[in-house]
Amino acid sequence: MSSTPQSVDGPQKAIQIPSLLTNSARAILEAFGEDIIQLRAHGSVETSNRSMIKDLREYGVSREQRTHQRITLDYERLAGSDGPSNPLTEDAQQDIFEELDVLLSTESTDADPDLAVTSFTARVTSEELQEVTPAQTPEFDLRFVADPAEEAVREPTKRLNIDRQLYSELGFNITNLNLRTVTETATIHHQQSDGRYLSWGGPTDIRPRSPDRLAVRINQHVLPDTYGMLKPYYVADDHVLELEEEAATEIDPLLTGSEGDDL
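1. Looking at the environment of alanine 79
Logical step 1: Mapping alanine 79 onto the fold places it in strand 6 (residues 79-80).
Logical step 2: Dropping the residues within four chain positions of it, alanine 79 is found in contact with Pro84 and Ser85.

What follows is the structure in structure tokens.
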């Protein structure tokens, strides 16, 4: 990567994408809780039981039985007569964590069992976001999708998740949850087409729509301080969107959620 990236159209302004430097289901549930309206995650564990065959022990013949368990969390918040009928309350989260402990715990590690989040949507109420968009109401749906962590943020991602042992013990891929869309909730209910204020199709999309003021407000007021950051991307050529390495490595992810100039 070049410190002064060029494209066919000349120097490109960095486009900031809000991101979470984790894909731990425990971390996401703890941070967003009942604001989550959709979450997809999965995890697995394999155990083995090996024993020698008694009559053939002297010949070194053994039998090994392997058991593979895969857990999938496919949550959708359901509407009830007096609000959501299945919100992710603290009690509901505890029930999920206890089940993970039963199904995925092994004697080979002391890490808390976890699930890898592939996507989630949080519904948040934020006047700070409304102030920098044409929205008529302060309620927004923010959708995040997991993407492989770029080289510039791999080490910060590993460091922030070291206590959870995601990579050393649980076999997680080094992944970030990048913001894909921000939509005014009211426009979804009324099937309007003009309520989406941020949209990005992922790393292959070289034309993200991410207004700076909105991205900064999301980082400051919505993302958890521990994991939130703004990723500066630029179009390297006609078909490649890259993370601006120097700018990314200058950011301390431990501070990005609480510091920086508001816009």
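Moving on from the model shown.
2. Considering a negative patch on the surface
Logical step 1: A cluster of acidic side chains, namely Glu34, Asp35, Glu90, Asp91, Asp95, Glu98 and Glu99, defines a negative patch on the protein surface.
Logical step 2: Examined against the element boundaries, aspartate 35 turns out to sit in the loop between helix 1 (25-32) and strand 4 (36-52).

3. Quick look at the packing of helix 1 against helix 2 (residues 90-104)
Packed helix pairs are specified by the crossing angle of their axes together with the interaxial distance, meaning the distance between the axes.
Logical step 1: Contact geometry of helix 1 with helix 2 gives a least axis separation of 11 Å together with a crossing angle of 170°. In terms of orientation, helix 1 lies roughly antiparallel with respect to helix 2. Packed against helix 1, whose contacting residues are Arg26, Leu29 and Glu30, the element helix 2 presents Gln93, Phe97 and Asp101 at the interface.
Logical step 2: Looking at the contact of helix 1 with helix 2, its residues break down into two nonpolar, one polar and three charged.

4. Let's talk about the pairing of strand 9 (residues 139-148)
Logical step 1: Strand direction decides the pairing type here: strand 8 (residues 116-125) and strand 9, joined by seven bridges, are antiparallel. From the neighbouring strand, threonine 121 faces strand 9, where its bridge partner is arginine 143.
Logical step 2: Bridge analysis of strand 9 against strand 10 (residues 175-184) gives nine bridges, and the strand direction is antiparallel. For valine 145, the partnering residue across the bridge sits in strand 10 and is asparagine 178.

How each quantity is defined
- For every chain, the first residue of its written sequence is number 1, and the numbers climb from 1 along that sequence.
- Restriction of local features to residues with pLDDT of at least 70 applies here, the model being predicted, together with a cutoff of 80 or more for giving and counting side-chain atom pairs; totals for whole chains, interfaces and linings are based on all residues.
- To obtain the side-chain values, all non-hydrogen atoms of the structure were used and water was disregarded.
- What counts as a helix is a DSSP run of H or I of at least four residues, what counts as a strand is a run of E of at least two, and both are numbered from the N terminus.
- Note on contacts: a residue pair is in contact if any heavy atoms of the two residues lie within 4.5 Å.
- Patches were defined on residues exceeding 30% relative accessible area and lacking a salt bridge, with like-charge contacts within 9 Å and nonpolar side-chain contacts (Val, Leu, Ile, Met, Phe, Trp, Tyr) within 5 Å.
- Residue-level accessible areas treat just the shown protein chains as cover; the underlying method is Shrake-Rupley with a 1.4 Å probe.
- Salt bridge criterion: a side-chain nitrogen from Lys or Arg within 4 Å of a carboxyl oxygen from Asp or Glu.
- Only four residue types enter the tally: Lys and Arg on the positive side, Asp and Glu on the negative side, with His and both chain ends excluded.
- To locate a charge, the coordinates of NZ of Lys, CZ of Arg, CG of Asp or CD of Glu are taken.
- The angle between two axes is taken between their N-to-C directions and runs from 0 to 180 degrees, where each axis is a line fitted to C-alpha atoms and a helix contributes only its stretch in contact.
- For classification purposes, an angle smaller than 35 degrees is called roughly parallel, one larger than 145 roughly antiparallel, one from 65 to 115 roughly perpendicular, and anything else oblique.
- Charged means Asp, Glu, Lys or Arg here, nonpolar means Ala, Val, Leu, Ile, Met, Phe, Trp, Tyr, Cys or Pro, and polar covers whatever is left, Gly included.
- Pairing between two strands is assigned when DSSP locates at least 2 bridges connecting them.

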